[in-house]
Structures are given as structure tokens and as C-alpha cells.
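Structural characterization, general
Take a look at the letters that make up each chain.
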Amino acid sequence: MNFFIKKLLIVIPTLYIAWTVVFVTLNIIPGDPVNLMLGGRPASDEVRENVRKNLGLDKPVFERYTSFLINATKGDLGKSYLTRQPVTTMIKENMMPTIELSIGGLIFGVFFGVFFGIFAGTKPNSMRDTFSMIIALCGISLPSFWIGMMLIYIFGTTLGWVPIVGEGFVSLILPSITVGLFFAGGMARLTRSSLVDVLNQDYIRTARSKGISKYRIVLRHSLRNAMIPPVTLLGIQFGLLITGAVITEEVFARPGLGQLLLQAILAKDIPLVQALVVYMTAVYIFLNLIVDFTYGIIDPRIRLERNRG
Amino acid sequence: MVEILNVSNLSTAFQSDYGSKQALKNISFKINEGEVLALVGESGSGKTVTSLSIMGLLPNNAYIQEGNINLIDKKNNQVNILKLTDEKHNLIRGNDISMVFQEPMTCLNPTMTIGDQIVEVILNHKKISKTKAFKEMIELLGLVEIPDPTQRAREYPHQLSGGMRQRVMISIALACTPKLIIADEPTSALDVTIQAQLLQLLMKLKNSIVSKTSILFITHDLGIVRELADRVIVMYQGEIVEEGKVKDVFDNPKHSYTRNLIQSLPEFKLEERKLTKKDDNKQTKVDDNEIILKIENLFKEFPVEKGFFKESNETVKAVQNISLNVKKNEVLGLVGESGSGKSTLGKSIIKLLQPSRGKIYFNNENISEYSNKQMIKIRQKMQMIFQDPFASLNPRKNILDTLIEPILVHDLMKKNEAINYIKEIINDVGLPIESLRRFPHEFSGGQRQRIGIARALVLKPEFIVADEPVSALDVSIQAQVLNLLEKLKKTYNLTMIFISHDLSVIEFFCDKVAVMYLGHVVEIAPVSKLFNSPKHSYTRALLSAVPKVKGKDKEKILIKGDIPSPINPPSGCVFRTRCPNPGIDCKGGNIEMGLIEVEPGHWVDQCCANCN
Ligand SMILES: Nc1ncnc2c1ncn2[C@@H]1O[C@H](COP(=O)(O)OP(=O)(O)OP(=O)(O)O)[C@@H](O)[C@H]1O
Ligand code: SF4
Ligand SMILES: [Mg+2]
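This one's a predicted model, so the numbers in the text were calculated from it and none came from an experiment.

With that settled, the discussion passes to the domain arrangement of chain A. Residues and elements named next belong to chain A. Considered domain by domain, chain A is made up of domain 1 (2–73) and domain 2 (87–308). Using only C-alpha atoms to locate each centre, domain 1 and domain 2 end up separated by 33 Å. At the boundary of domain 1 with domain 2, total buried surface from both sides reaches about 1,400 Å², with 84% on carbon and sulfur atoms. Linking domain 1 with domain 2 are zero salt bridges. Applying the counting criterion to the domain 1 and domain 2 interface returns two residue pairs in polar contact (both at pLDDT 80 or more). Broken down by element, the residue count for the side of domain 1 that touches domain 2 peaks at 13 residues, all from helix α1 (residues 3–28). For the side of domain 1 that touches domain 2, the per-class residue count stands at twelve nonpolar, two polar and one charged.

Quick look at the structure:
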């Protein structure tokens, strides 16, 4: 069977399982949603009953669950308790800044990660290896929001090199770095170890026996082979990218899905939270699908395996 | 004679956690233009370190302590390679000196097409356009006799067989018509028939397009040295102990190591009586009446993995319709190229693998359907010795624990008794009693194999399957282990199946031989019959492919091409796609295979028996 179809067949159940988890967790949280909606104002039983009907909460749980799944498939995720707007509209309005931030973070993260990984991996056990790996360790262990605040303080407030708030490309730099830091450390370490491994392979010795320069050996002969584990890591860490974006938006006071999610949680706006989580799981699964496909591009052996399978 | 490379007083050492270790001790030699210089020596003697020193490709923990390596490069300048910077050395590597490595499976980049890998070296050293380089690459692939070069150039290494990959390596080495090609065991990882093809190709090229190129040929195979080389250098523990014309060194070895090396070759030993066998009166008689093992129409097929949605209906046909028997005290040899199904047959017989179909009678008891539980009692009588002694020993158990375990499991003796018994066995296999307290990693390869043998013997089996028991060992050690097995066979009254791809080992050790090809036994005969008058075309080709140290070189029968896939073997005679002289009836592929007896005890596949 075709590899793509096979993959898609796995994606669909995964998505439904994820959504089920979302539904179950949000519907067993204690507290009557009607109370939340009314914001604590007193109301007659009749009003309450009406609200309940309106929200479809009078139906049995299983029916609510199935209609949630059906609607989610159609992209209809209900209305916000607070604003009464359809949640999809709210999400659409807030989507762009987060996408920009995630892409920015992805680029910075991959760039720093791969750069330090190569820098260290081409000369294992040297000063520069140790140096790079200490930096990577810092990246992994120091909380990124703290680094974000330090960046604002140093480059924004003290040096005034980049704007902290505002619109446009430049204002994206510091937040992107902050998001990127969430996974740059891990990328760097994995790129390094994978590169060290590849550089010890027999075919690298063959390449050297041809009299090829060391730059070409790294760029042409090693990187592609070395990138499989880091790319896998990237797939697993897309979650970090999303978390990173949520936290970073808060630190930099940027609009976006992160802010929206935070507000929704604080206001206990269950449909909105539910919708946001549904979207994020879908995006996460989708991005992983892309990662799966890129393996084939990187490694012809995997490509062939798939075409045959 | 023009000297192109001069190595003088070269010493190389490795730095490790335990201090430094001398790998090369003050070696000097030279290579003349156009000559083939063989470098022989046992594993660890420093052959590879020598070649890597010349190439400047030593690992990071190695350093050259002193010495000079002078090369006359293509522009006729003399350069001292050891004084070059890495950038300058890059101008020489691949251009003036190139190298073919031992491991065809791993020495090409898996993510680049083979065409790109060849073009790369051309563009690196020649100032020509890409299209021109591409054309040269296609020509090179043609020269190394890769069929359909334009198509192959676009393929990746994993799509090629080991032999083909090694051809690609050779074309890379040839690409810039170097002054010197260093070939480090280029064929030892390949089957004999493929090895013969490659050696012939190498010599053909050597005598045509690169006639001025010298070759430094590293090998442990003295047969190859005899066939190819003009001069030979023998290394022993990092020193050159002998050097001279091939004929002189072979006829009149001066150093004791060289003498040992030559005499430890199984084919020599028969004459020199270094080995203890064929002292006919001492030999145990094969009991003609008692058949210990009899197998009938045995098949073993492995399903091909296909990913999780699709069940595959293809199978690897590893053992196909094999029937044979082994008499008491007899040693049956199994030979054949890799993938011919020798190990699968061996494992199926003692039921480490469950055969797909067919019957196995052990002492007249049909064990083919026995469950693992029923096999426990039988296993005591049937044991196996493996190729890789290290992998088959538990690294965390000392030797005593390893050996005593099966005895206690089978409840054969009390512990005290068992310990004394094990001491006896360990003495029999030629190890000191102190070994019992040591762990596997503290032993050398040869010693570990002795432990493997001891383990097979503790249960006092009647029957042993030995799967390539000496292939991982150096020739001189091989001889010791073979002698030991020969002795134990008598003391323990063993019947054996002895698997090996090495015909000379088979000739020395076995009474009867079965030749396997693609899952079939194509010929069975007593040793002397098989070696002196082989009947099957494959057997003949196989015998002829082996480089011989002694004896006149008959015209070689070369087998074309690679072994077909055991998933879709050819119909009819499985060998017909590579047969050097197929009969008229063979080509259609509609003859049934099956053994017939042409002389008492000499069985040959019926199609071949008819057409030869
Ligand atoms: N990377 C290494 N680190 C430490 N010692 C090494 C290393 N490579 C080789 N040696 C040592 O150098 C010596 C010579 O090894 P070398 O590989 O040249 O042997 P060889 O003759 O090529 O053997 P083989 O026939 O097994 O290929 C051996 O004692 C070996 O243990
Ligand atoms: S049967 Fe025919 S094709 Fe097969 S090996 Fe014999 S001669 Fe060759
Ligand atoms: Mg070697």
C-alpha cells in the first residue's frame, strides 16, 4: 500500500483519540458551566434551564461527545461563553501572529541548534566542543521566559537595538529567539552526537581518500546523513514550539493564540479552550506528518523502502 | 626500475587511556613503478595502519613518531607526504594515490548516487566541465564492467550488491589514473566466486589502461599473493620481517613467522604433516551401518517482511528440498557462498529454527515436529558451535558459570562432580584451569573459540553442528583450532556437520561434502571424489575460483554475475543464470532439480548429471 495513504490512515484515529481526551478532561472539570457563563450573577432556574438548552448541555454526555466530534470534523467548535462569538472566528483573528512567531522560532531554533551542533561535532573533545555544549546545556536548563526577559532587558531596554513591542519584522526577532531557545539546545546536542557518529563512518574515510576538502565533507557527505535524528527530535518537539509560543507571547505581551488560550483558561471559557486544544493537536499531528515525509527526502533508503511497501 | 614511493623508518603509535601503543616499528620499504606489491600479515600486524599512514587518514588518536614517506608525484616532483599540510595532501589523495577499502557494504555514501560519488573525485582533481566528467564516469563504470552504466549511475549504493559496490570503489580509485592504488583487503568480505571476478578485473585493468600504476595489495590470503603479486612484504607485530620476490619467499621463507604462515595453510599441512589427521590407522572408522542423522525433503522458507497492513506472500527460499544422511563418526561438510543456506540448514537440523516442511530423523526418531519442550532432552545429544565465539558467550558470566549451567539444567551431575568434569574438558580444549574464573573479554579470538567448543562438549553430545567455527580466526590460529577439533572428534566419538565457505578447510576436515547453491544441495560426494572429479558445473567453478598457493594454475572457470535473489530463484536448475557452460536443455528452465547417484556415494543434481 502507498506510504502516504498508510500514514493518513494512522493520523485520523490519532486525531480522534486526542480530541476524545480533550473532551473528557474538559468535561470532568468540576464546576457548572452555566455558573461560569453567568459570571456569578444570580439567575432564576428558568433562565438557567434556557442557558443550558442553548449550550446543548441538557443532552446526555454521549450525545454531546458524538456531536462534538462531528462538529469538530466540520470545523465548527461552538461559541465562546464570554464573547458569544464563534470560537473559530476568534482563533482565526489571533492566528497570524502566532504562526509568524512559531516560524520565526523554528528558524532560529534550527539555525542555532544546527550551527552549534556542527561547530561542536566537527571537532569533538576540543575547546569549542565543550564551549558549544555548555551553551546548549544552558539553553536546555535555563527557563526560556527568563532568557526572554534578559534579552528584552539587554537588547531592548539597555542597548535599544531592537524594539520590544510594535509591529513588523524587527519586533519579531527577540520573541523568535526566545521561542527558538526552547529546542535549540536539544537540537545542538543531537546534531553534534549524530555528526560525530557519521564522521566516523567508513564512507567518510572513503570521501577523504578522494582528497575532498573538509568543508565539502561536512556539507555534502555528512550533514544529510546526520540530520535524521535531529529531524525526528524536531517532530517530537513541535509541542515545545507551541508551548514556547504561548509563554513567549505572554512575556512579550504579543497578541496571539497563546494570549487567547491564557485568557480562556483564566475565564474558564471551556468552548474556547477546547477549540484551541483541538486546533493545536491537529497542527501538531499534521506537522509530524510532514516530518515523516521529509525522512524520505533525506534518505534514499527510506524512500525506496516506502515505494516498495 | 623507477621507484615511486619510498617509506623509510616509519613508526606510528596510538595514544589510548592506558598509554601509548606502538603499531608500526621503524618500517622501510619501497614500491616501483607498475609493480604489484603484496603486504601480508595476521590481523593486527599493522597492515592497515601502514596504508592509512601513507594516505594521511590515521584516526585522531594515532600519531607518526618519525620517518619519511617520499612520493614521486605525477609532475615528477619528489614530495615528503608526512610534511604536507592537510590541504596539500588533499591534492595527492585520490589523484596520485588512491585507495580501495575492505568494507564494500559501508564504504560508499548511502545518500549519494554512485554516479555523483565518482564524478566528485574527477571534478575534485581535473579541471574539466561537469558534462565531460559525467561522460568519464560512465566510461569508468563500463571499464569496471558494470552492466548498464547510465542506469546504474543514478542508483544508490544499497541498490547494488557487494561485488558491484567494490567495482564502484575501484572505478573511484582509477578515476584520476593514479601512480599508486592501495587496496586494503578489497575482496575478503566477498564470496570466492565474486572475489575471483574482481581479482581478474583488477589484473585486466592493471595490464591495460593503468599499466604504469603500482598496486599495494594488502591481504591475509596467500593464494591471492601467489596469483597477483610481484613482490611481497610480510609484517609481524608492526615490523617487516620478510621481503622479496613472491616465488623466493614462498619457496624459501626465511623468517619463522613466514614459515609458520605458509605451513599453517590447510592445503600445505596435509603434506607437511603439521596437522594430525589422515594418519589412517589412528583415525576412527566411519560406521557404515549406523545412520545418526537422516533428513528427508527438508524445506525452510522465511516470510518477507512487508510493513504492517499487507501480509506478504513472498518468501525467502533458504532451504529447498534437501535430503541427506550422516553416518556415525562421519563429518559432513557444507560448502557454498554466502546466502546459499548453509547456516539455515544447520540450525534447522538441530531445530534452532523450525523447518517449514520435511522430516528429520535423529537416531531413527523423527524430531521434525517436536516442540521446544520435547527438544530439551534431544538437545543434550545435539549441540552447535558458532562462528562468532564472542557474541555467543554471556559477557557477564565467568567461564565456569557458562560451562556449568547446562550441566545443572539437565541435572546430569552434582555440582562438585560437574566442576571436576569441566576442569577435564577445559584441559582437553587446551586452556589453563585458571581460565575458568575469567570472563569472555579477557580471551583472544582463538581462546574464545576453544571456550565455545568446550561449551558444546559439556553435555557429552553425539552430534555437533559447527557453523564456520574458524572463519573469524587468523590462519595460524585456524590450524590450531582445527587440530583441536580433529582430536576431540576422536576422544568424544563425535559425528559432525561442519559448515564453511573455505574449501581448503573442508578438504582437510571432512569425510563427505555437500555443495549448496541457493538453498539446494547440488552435489554430495566423499571429499577426495569431490575435489578430484567434481561433477556439477557449480562445484567446478567454485573449486576453480579459489586462489591456490601451490600447484599449476589451470585456466580459471569464471562465474558471471551475482547470486540471484533467493526470493525469486531461477526456475529449473537454480545455477543456470550463472552457469559457464549450460547444456541445451538447461536454458529453458523447465527441468526438475533432484539428486541422483552417479557413483556409489557420489550424488549430483540430475540436470547437471545429464548434460555433462
Ligand atoms: N583506532 C585505534 N586505536 C588504537 N589502536 C589501534 C587502532 N587501530 C589499530 N590499532 C592497533 O594498531 C595495530 C595494527 O592494526 P592494523 O589495523 O594496522 O592491523 P591489520 O594488519 O590491518 O589487521 P587486519 O588484518 O585485522 O585488518 C594493532 O595492534 C591494533 O590493535
Ligand atoms: S544443470 Fe545445466 S545450467 Fe545447471 S549447472 Fe548444470 S550445466 Fe549449468
Ligand atoms: Mg586491516
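Read on for the rest.
How big an interface is tends to be stated in terms of the accessible area lost upon association of its parts. Taken together, the 26 residues of chain A in the interface contact 35 residues of chain B. Overall, the association of chain A and chain B removes approximately 2,700 Å² of surface from exposure, summing both partners, and the carbon and sulfur fraction of that is 54%. Where chain A touches chain B, the interface holds five salt bridges. The partner of Lys214 of chain A in a salt bridge is Glu87 of chain B, with the nearest N and O atoms 3.5 Å apart. Here chain A and chain B share 18 residue pairs in polar contact (both at pLDDT 80 or more) between them. Going through the elements one at a time, α1, α9 (202–209), α10 (214–226) and α14 (300–308) of chain A are the ones with two or more residues in the side of chain A that touches chain B. Looking at the side of chain A that touches chain B residue by residue, the classes come out as seven nonpolar, six polar and 13 charged.

Moving on, we come to the site of ligand 1. Residue and element names in this part refer to chain B. Looking at ligand 1, there are 14 residues lining it, with Ser43, Gly44, Lys47, Thr48 and Val49 nearest. At 2.8 Å from an oxygen atom of ligand 1 is found a main-chain nitrogen or oxygen belonging to Val49. For ligand 1, a nitrogen atom lies 3.3 Å from a polar atom in the side chain of Asn61. Contact with the protein chains removes 67% of the 640 Å² of surface that ligand 1 exposes when unbound. Among the secondary structure elements, those contributing two or more residues to the shell around ligand 1 are β2 (19–32) and α1 (47–55). Ranked by the residues each element gives to the shell around ligand 1, the list is headed by α1, at three residues. For the shell around ligand 1, the residue count by class is four nonpolar, six polar and four charged.

In this section: a nonpolar patch on the surface. Residue and element names in this part refer to chain A. Together, Leu142, Phe145, Trp146, Met149, Met150, Tyr153, Ile154, Leu159, Trp161 and Ile247 give the surface a local cluster of nonpolar side chains, amounting to about 970 Å² of exposed area. With six residues, helix α7 (residues 144–158) is the single largest residue contributor to the nonpolar patch. Note on placement: Leu159 falls in the loop between α7 and α8 (170–199).

In this section: helix α5 (residues 87–121) of chain A. The end-to-end C-alpha separation of α5 of chain A is 47 Å, in line with the 51 Å expected for 35 residues at 1.5 Å each. Approximately 45° is the largest bend angle found in α5 of chain A, and it occurs at Met95 of chain A, with the proline Pro97 of chain A only one to four residues beyond.

Counted by the stated rule, this structure contains 17 aromatic pairs over all chains. Seen in terms of ring centroids, Phe508 of chain B and Phe509 of chain B are 6.2 Å apart; in terms of plane orientation they differ by 45°. Their pairing is tilted. Overall, the relative accessible area of 0% leaves Phe509 of chain B in the buried class. Residues Tyr517 of chain B and Phe575 of chain B carry aromatic rings whose centres are separated by 5.0 Å and whose planes lie at 85° to one another, so their mutual orientation is edge-to-face. On the criterion of sequence distance, the pair formed by Tyr517 of chain B in strand β19 (residues 512–517) and Phe575 of chain B in the loop between α20 (537–545) and β21 (595–599) is long-range, its members being 58 residues apart. Take Tyr517 of chain B: its relative accessible area is 1%, and that puts it in the buried class. Here Phe575 of chain B falls in the buried class, since its relative accessible area comes to 1%. A network of ring pairs unites the aromatic residues Phe108, Phe111, Phe112, Phe115, Phe116 and Phe119 of chain A as a single cluster. The ring of Phe443 of chain B has Arg438 of chain B sitting right over it, with the charged end atom 4.8 Å from the ring centre. The ring of Phe509 of chain B is capped by Lys489 of chain B, whose NZ or CZ atom sits 5.6 Å from the centre of that ring.

On to the sheet that holds strand β18 (residues 495–499) of chain B, then. All names here are of chain B. Taking strand neighbours across the sheet as the criterion, the eight strands line up as β16-β17-β18-β13-β19-β20-β22-β21 in an open arrangement whose pairing is mixed. Strands with a single pairing partner mark the edges of an open sheet, and in this sheet they are β16 (382–385) and β21. When strand polarity is set aside, the average angle formed by the axes of neighbouring strands in this sheet is 20°. Two strands pair when backbone bridges link them, and strand β20 (residues 520–526) and strand β22 (residues 602–605) are joined in this way by two bridges, in the antiparallel orientation. Residue pairing for β22: Ile524 is matched across the bridge by Trp603. Each of β13 (331–335), β16 and β18 is contacted by helix α17 (residues 475–491), which is oriented at about 160° to β18, the strand it contacts most.

Position of Met150 of chain A relative to the elements: it lies in helix α7. Here Met150 of chain A falls in the partly exposed class, since its relative accessible area comes to 31%.

Time to look at the pattern of salt bridges. Under the counting rule described, the total for this entry stands at 22 salt bridges over all chains. For Lys204 of chain B, the salt bridge goes to Glu145 of chain B, with nearest N and O atoms at 2.5 Å. One end of the pair, Lys204 of chain B, is in helix α7 (residues 192–207); the other, Glu145 of chain B, is in the loop between α4 (130–143) and α5 (149–153), with 59 residues separating them in the sequence. The class for Lys204 of chain B is partly exposed, based on a relative accessible area of 48%. Taking the relative accessible area as the measure of exposure, Glu145 of chain B reaches 37% and is therefore partly exposed. Its salt-bridge partner being Glu243 of chain B, residue Arg231 of chain B comes within 2.9 Å of it at the nearest N-O pair. Placement of the pair is Arg231 of chain B in strand β9 (residues 231–236) and Glu243 of chain B in strand β10 (residues 239–245), with a sequence separation of twelve residues. Residue Arg231 of chain B is classed as buried on the basis of its relative accessible area of 13%. According to the relative accessible area criterion, Glu243 of chain B is partly exposed, its value standing at 38%. Salt bridges linked by common partners bring Lys210 and Arg216 of chain A together with Glu120 of chain B together as one network.

Right, let's talk about the nonpolar core for a bit. Leu5, Ile54, Ile97, Val168, Ile182 and Phe217 of chain B are the most contacted members of the largest nonpolar core, which totals 88 residues. Within the second largest apolar cluster, 68 residues are counted, among which are Val429, Leu459, Val481 and Cys607 of chain B.

A few words now on α8 of chain A. All names here are of chain A. With 30 residues, α8 extends just 38 Å between its outermost C-alpha atoms, more than 12% less than the 44 Å of an ideal straight helix rising 1.5 Å per residue. Considering bend angle alone, the principal kink of α8 is centred on Leu181 and spans about 45°. Among the 30 residues of α8, 22 are classified as buried, and the element is accordingly described as predominantly covered.

Attention shifts here to the domain arrangement of chain B. Residue and element names in this part refer to chain B. For chain B, the assigned domains read domain 1 (3–263) and domain 2 (278–381 + 459–611). Distance from the C-alpha centre of domain 1 to the C-alpha centre of domain 2: 35 Å. On the domain 2 side, the residues contacting the 21 residues of domain 1 number 20 residues. Sorting the residues of domain 1 by area buried against domain 2 places Asp191, Thr193 and Glu227 first, and these three jointly supply 31% of that buried surface. One can count zero salt bridges joining domain 1 with domain 2. At the level of secondary structure, the elements contributing two or more residues to the side of domain 1 that touches domain 2 comprise α7 and α8 (222–228). Looking at the side of domain 1 that touches domain 2 element by element, the count peaks at seven residues for α7.

Cut-offs used in this document
- Residues numbered from 1 in each chain as written.
- Chains lettered and ligands numbered in written order.
- Predicted model: local features only at pLDDT ≥ 70, side-chain atom pairs only at ≥ 80, totals over all residues.
- Heavy atoms only, no water.
- Domains from an automatic or database assignment.
- Buried area = accessible area lost by both parts, 1.4 Å probe.
- Salt bridge = Lys/Arg side-chain N within 4 Å of Asp/Glu carboxyl O.
- Polar contact = N/O pair within 3.5 Å; in protein donor to acceptor, adjacent residues only side chain to side chain.
- Helix = DSSP H or I, 4+ residues; strand = E, 2+ residues; numbered from the N terminus.
- Nonpolar A, V, L, I, M, F, W, Y, C, P; charged D, E, K, R; others polar.
- Contact = heavy atoms within 4.5 Å.
- Near = heavy atom within 4 Å.
- Areas by Shrake-Rupley, 256 points an atom, 1.4 Å probe, with all protein chains shown as cover.
- Patch = residues over 30% accessible without salt bridge, like charges linked within 9 Å, V, L, I, M, F, W, Y side chains within 5 Å.
- Expected span 1.5 Å × (residues − 1).
- Bend = angle between axes of the 7 residues up to and from the residue.
- Phe/Tyr/Trp six-rings, centres within 6.5 Å; stacked < 30°, edge-to-face > 60°.
- Buried < 20%, exposed > 50% of the residue type's maximum accessible area, 1.4 Å probe, protein only.
- Lys NZ or Arg CZ within 6 Å of the ring centre and 35° of its normal.
- Pairing = 2+ DSSP bridges.
- Axes fitted to C-alpha atoms, helices over the stretch in contact; angles between N-to-C directions.
- Core = buried A, V, L, I, M, F, W, Y, C linked by side-chain atoms within 4.5 Å.

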